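# Understanding the architecture of this molecule
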Amino acid sequence: MTSAAEGPLPRDTADARGADLTLPEAVMLLLFDPRSGTIAGEGLSLMYTLGGAILIELASRGHVELDDEQRRVRAVGGGPEDTLLRGAWERVPKSPTGIRGLVVDIGTRSRESTLNRLVARGDIRQEPHRLLGIFPTQVLRGGDTGMRDRLLVPVRSALVEGTDPDTRTATLGALLSASKNLAAMHADIPWSGEVYTRGKNLERGDWGAKATSDIILSSLVAQIVGTAFATTLATLTQPD
């Protein structure tokens, strides 16, 4: 069984790129389009993206272990203190279980709790609205923290310009690519064949990791992303 060293997924030393955000919060914030108030992947792929992000975060903190050969995962230790991650960890059995089914189980339950955290932080605003002037509902607006822009800068640089990403940036890029929503994010990350290729490289854990801890994490990311997305999203239409 493989797990990364105890501690959050490595971030930059400053909080400019969202050091306080968990991985599922960061990826949802990137998928959120403040211009339209929508979250890319709502419906099918968002639950896999969030489930994969949570499982990667749990693995990076040493709360779950993955079987390298059987692609199964089990819970270890006493669990995380973070409430969003804790709820997911409690659904991971102590005995090995399949990654894909676990990602679906966790992901389908994580949309509201993840969004609520972003709203509470002010990264996304949720406002009352009346559909057709009659039916009460909620609409999403861009927050005023600037966090989304700060997260976007290094991800866009890695995907568009080919700069070497740090571990957190590479992980976010891998999740965005695997979700097949990069083309829909064209306004923020100009779509091209190079962006597609670089995203696929990140999915495979190919981001030039040097340190042992980064190599372990790149392997975890590739294993979780590959297992969670491969069979489920393979039939979705690829962008031209």
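So, here's what we can say about the structure. (Residues numbered from 1 in each chain as written. Predicted model: local features only at pLDDT ≥ 70, side-chain atom pairs only at ≥ 80, totals over all residues. Heavy atoms only, no water.)

Moving on to the nonpolar core. Judged by nonpolar contacts, the single largest core of 61 residues is most densely connected at Leu30, Leu55, Val64, Leu66, Leu176 and Ile189. The leading source of residues in this core is helix α2 (residues 45-60), at 10 residues. (Core = buried A, V, L, I, M, F, W, Y, C linked by side-chain atoms within 4.5 Å. Buried < 20%, exposed > 50% of the residue type's maximum accessible area, 1.4 Å probe, protein only. Helix = DSSP H or I, 4+ residues; strand = E, 2+ residues; numbered from the N terminus.)

What follows covers the sheet that holds strand β3 (residues 64-66). Read from one edge of the open sheet, 3 strands run β3-β4-β5, paired in antiparallel fashion. The sheet is open, and its two edges are formed by β3 and β5 (97-98), each paired on a single side. For β3 and strand β4 (residues 72-75), the ladder comprises 3 bridges, and the chain directions are antiparallel. Residue pairing across strands places leucine 66 opposite valine 73, the latter belonging to β4. (Pairing = 2+ DSSP bridges.)

This paragraph deals with unusual backbone geometry. Trans peptide bonds make up the majority, and among non-glycine residues the majority have a negative phi. In this model, lysine 180 sits at a positive phi of 65 degrees, which is unusual for a non-glycine residue. Relative to the helices and strands, lysine 180 resides in the loop between α7 (167-178) and α8 (193-203).

Taken as a whole and judged by the stated rule, the model has 2 aromatic pairs. On the numbers, 6.3 Å between centres and 50 degrees between planes, the contact of tyrosine 48 with phenylalanine 229 is tilted. Placement of the pair is tyrosine 48 in helix α2 and phenylalanine 229 in helix α9 (residues 212-233), with a sequence separation of 181 residues. A relative accessible area of 5% places tyrosine 48 in the buried class. With a centroid separation of 6.2 Å and an interplanar angle of 80 degrees, the aromatic rings of tryptophan 191 and tyrosine 196 are classed as edge-to-face. Of the residues examined, tyrosine 196 reaches a relative accessible area of 33% and is grouped as partly exposed. (Phe/Tyr/Trp six-rings, centres within 6.5 Å; stacked < 30°, edge-to-face > 60°.)

All told, the structure shown has 16 salt bridges when counted by the stated rule. As a salt-bridge pair, aspartate 188 and arginine 35 come within 2.7 Å of each other at their nearest N and O atoms. Of this pair, aspartate 188 sits in the loop between α7 and α8 while arginine 35 sits in the loop between β1 (32-33) and β2 (38-39); the two residues are 153 residues apart in sequence, bridging distant segments of the chain. Arginine 35 gets classed as exposed once you look at its relative accessible area, which sits at 52%. One salt bridge connects aspartate 188 with arginine 148, and the closest N-O pair in it is separated by 2.7 Å. A residue pair is termed long-range when its members are at least 10 positions apart, and aspartate 188 in the loop between α7 and α8 and arginine 148 in helix α6 (residues 147-161) qualify at 40 residues. (Salt bridge = Lys/Arg side-chain N within 4 Å of Asp/Glu carboxyl O.)

On to α7, then. With 12 residues, α7 extends 16 Å from end C-alpha to end C-alpha; this agrees with the ideal 16 Å at 1.5 Å per step. Within α7, 12 of the 12 residues are buried, which leaves it mostly tucked inside the rest of the structure. Two to three positions downstream of the cap, the backbone nitrogen of arginine 168 sits 3.3 Å from a side-chain oxygen, assigning the N-cap of α7 to aspartate 166. One or two positions beyond α7, positive phi appears at lysine 180, with a value near 65 degrees. (Expected span 1.5 Å × (residues − 1). Polar contact = N/O pair within 3.5 Å; in protein donor to acceptor, adjacent residues only side chain to side chain.)

We now examine the pairing of β4. Side chains of β4 alternate between two faces, with Val73 and Ala75 buried and Arg72 and Arg74 left unburied. The pairing of β4 with β5 spans 2 bridges and is classified as antiparallel. By the bridge assignment for β5, valine 73 is matched with threonine 97.

The geometry of helix α1 (residues 23-31) relative to α6 is characterised by a closest axis approach of 9 Å and an angle of 90 degrees between their N-to-C directions. Classified by the interaxial angle, the pair formed by α1 and α6 is roughly perpendicular. Facing Ala26, Leu29 and Leu30 of α1, the residues of α6 in contact are Met147, Arg148, Leu151, Leu152 and Val155. Here the residues of the contact of α1 with α6 sort into 7 nonpolar, no polar and 1 charged. (Axes fitted to C-alpha atoms, helices over the stretch in contact; angles between N-to-C directions. Parallel < 35°, antiparallel > 145°, perpendicular 65-115°, else oblique. Contact = heavy atoms within 4.5 Å. Nonpolar A, V, L, I, M, F, W, Y, C, P; charged D, E, K, R; others polar.)

So, on to helix α4 (residues 99-108). When we look at burial in α4, the residues that qualify are Ile99, Leu102, Val103, Ile106 and Gly107. Projected onto a plane normal to the axis of α4, the buried residues spread over an arc of 125 degrees and lie on a single side. (Arc of directions from axis to C-beta.)

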